[in-house]
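Inside the fold
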Amino acid sequence: MTTSKAREQAFILIFEKSFNQEVELSEIYDMAVETECIFDSKFTKKLAFFTHENCEKIDAFIEKYSVSWKINRISKVALAVMRIAIGEILSDIDTPVGVVINEAVELCKVYAEKDDYSFVNGILSSFVKEEIKK
């Protein structure tokens, strides 16, 4: 499985979790693998669980850089994409930030509304510029 596909699977898990707050991510992951909705993948699991465990910190960054937008106004798809991207950047997964942002934009083009990709690109670029490239 490609890294892009594994990243997409992590996005799907985080998106699903946003609708099922009472269900543990491990249960969502296990059910998705068991029903063959996703493939068992170390990368997927690591990225999804790191993102979930650091969601408050990640959401604080999203709110900081989404000027004039409260997090509850952002679509669940765009939010899940940004969470996964920032999670990957903050984790010890060694992916260049440009690749992470590009992959996030591509996920938005597939799953989100028409103009969400530019919104996501702007927030992620600002995040990287201010928080990572110091």
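Quick caveat: nothing in here was measured; it's all calculated off a predicted structure.

Each helix and strand counted, the chain has seven helices and zero strands in total. In the chain, the succession of helices and strands from N to C terminus is α-α-α-α-α-α-α. The C-alpha atoms of the chain give 14 Å as radius of gyration, which agrees with the globular expectation for 134 residues (14 Å, within 12%). Over its C-alpha atoms, taken along the principal directions, the chain stretches across nearly 40 × 30 × 25 Å. Partitioning the contacts of the chain with sequence separation of at least 6, the portion at a separation of at least 24 is 67%. When the accessible surface of the chain is totalled, it reaches about 7,700 Å², and 51% of it is carbon and sulfur. Within the chain, one finds 17 positive and 23 negative side-chain charges whose respective centroids are separated by 7 Å.

Here a ring pair, both rings aromatic, is described through the centre-centre distance and the interplanar angle of the planes. In the structure shown here, the tally under the stated rule is six aromatic pairs. Relative to Tyr111, the ring of Phe11 has its centre 5.0 Å away and its plane inclined at 45°; by these criteria the two rings are tilted. With Phe11 in helix α1 (residues 3-19) and Tyr111 in helix α6 (residues 97-111), the pair connects residues that are 100 residues apart, well separated along the chain. Judged by relative accessible area, Phe11 falls into the buried class, the value being 2%. For Tyr111, a relative accessible area of 34% puts it in the partly exposed group. In this structure an aromatic cluster arises from ring pairing among Phe11, Phe15, Phe19 and Tyr111. If you follow Lys76 out to its NZ or CZ, it ends over the ring of Phe19, 5.2 Å from the centre. Directly above the aromatic system of Tyr117 lies the positively charged group of Lys109, at a separation of 5.2 Å from the ring centroid.

All right, on to a negative patch on the surface then. Together, Glu24, Glu27, Asp30, Glu34 and Asp40 make up a region of like negative charge exposed at the surface. Tracing the backbone through its elements, the reader meets Asp40 in the loop between α2 (25-34) and α3 (42-53).

By volume, the largest pocket is sized at about 220 Å³. As for the largest pocket, its lining consists of 14 residues, of which Lys17, Ser18, Gln21, Cys55 and Arg83 are closest to the centre. Of all the secondary structure elements, the ones that give two or more residues to the lining of the largest pocket are α1, α3 and α5 (76-90). The residue inventory of the lining of the largest pocket, partitioned by class, reads five nonpolar, six polar and three charged. The computed volume of the second largest pocket comes to approximately 150 Å³. Ile12, Leu13, Glu16, Val23, Glu27, Ile28, Met31, Ala32, Thr35, Cys37 and Ile38 together form the lining of the second largest pocket. Examining the composition of the lining of the second largest pocket, we find that four residues originate from one element, α2, more than from any other.

Quick notes on the rules
Residues numbered from 1 in each chain as written. Predicted model: local features only at pLDDT ≥ 70, side-chain atom pairs only at ≥ 80, totals over all residues. Heavy atoms only, no water. Helix = DSSP H or I, 4+ residues; strand = E, 2+ residues; numbered from the N terminus. Rg over C-alpha atoms; globule rule 2.2 N^0.38 Å. Contact = heavy atoms within 4.5 Å. Areas by Shrake-Rupley, 256 points an atom, 1.4 Å probe, with all protein chains shown as cover. Lys, Arg positive; Asp, Glu negative; His and termini not counted. Charge placed at Lys NZ, Arg CZ, Asp CG, Glu CD. Phe/Tyr/Trp six-rings, centres within 6.5 Å; stacked < 30°, edge-to-face > 60°. Buried < 20%, exposed > 50% of the residue type's maximum accessible area, 1.4 Å probe, protein only. Lys NZ or Arg CZ within 6 Å of the ring centre and 35° of its normal. Patch = residues over 30% accessible without salt bridge, like charges linked within 9 Å, V, L, I, M, F, W, Y side chains within 5 Å. Salt bridge = Lys/Arg side-chain N within 4 Å of Asp/Glu carboxyl O. 1 Å grid on protein atoms, 1.4 Å probe; cavity = no way out; pocket = protein on both sides within 12 Å on 5 of 7 lines; lining within 4 Å. Points joined across faces, edges and corners; volume = space filled by probe spheres on them. Nonpolar A, V, L, I, M, F, W, Y, C, P; charged D, E, K, R; others polar.

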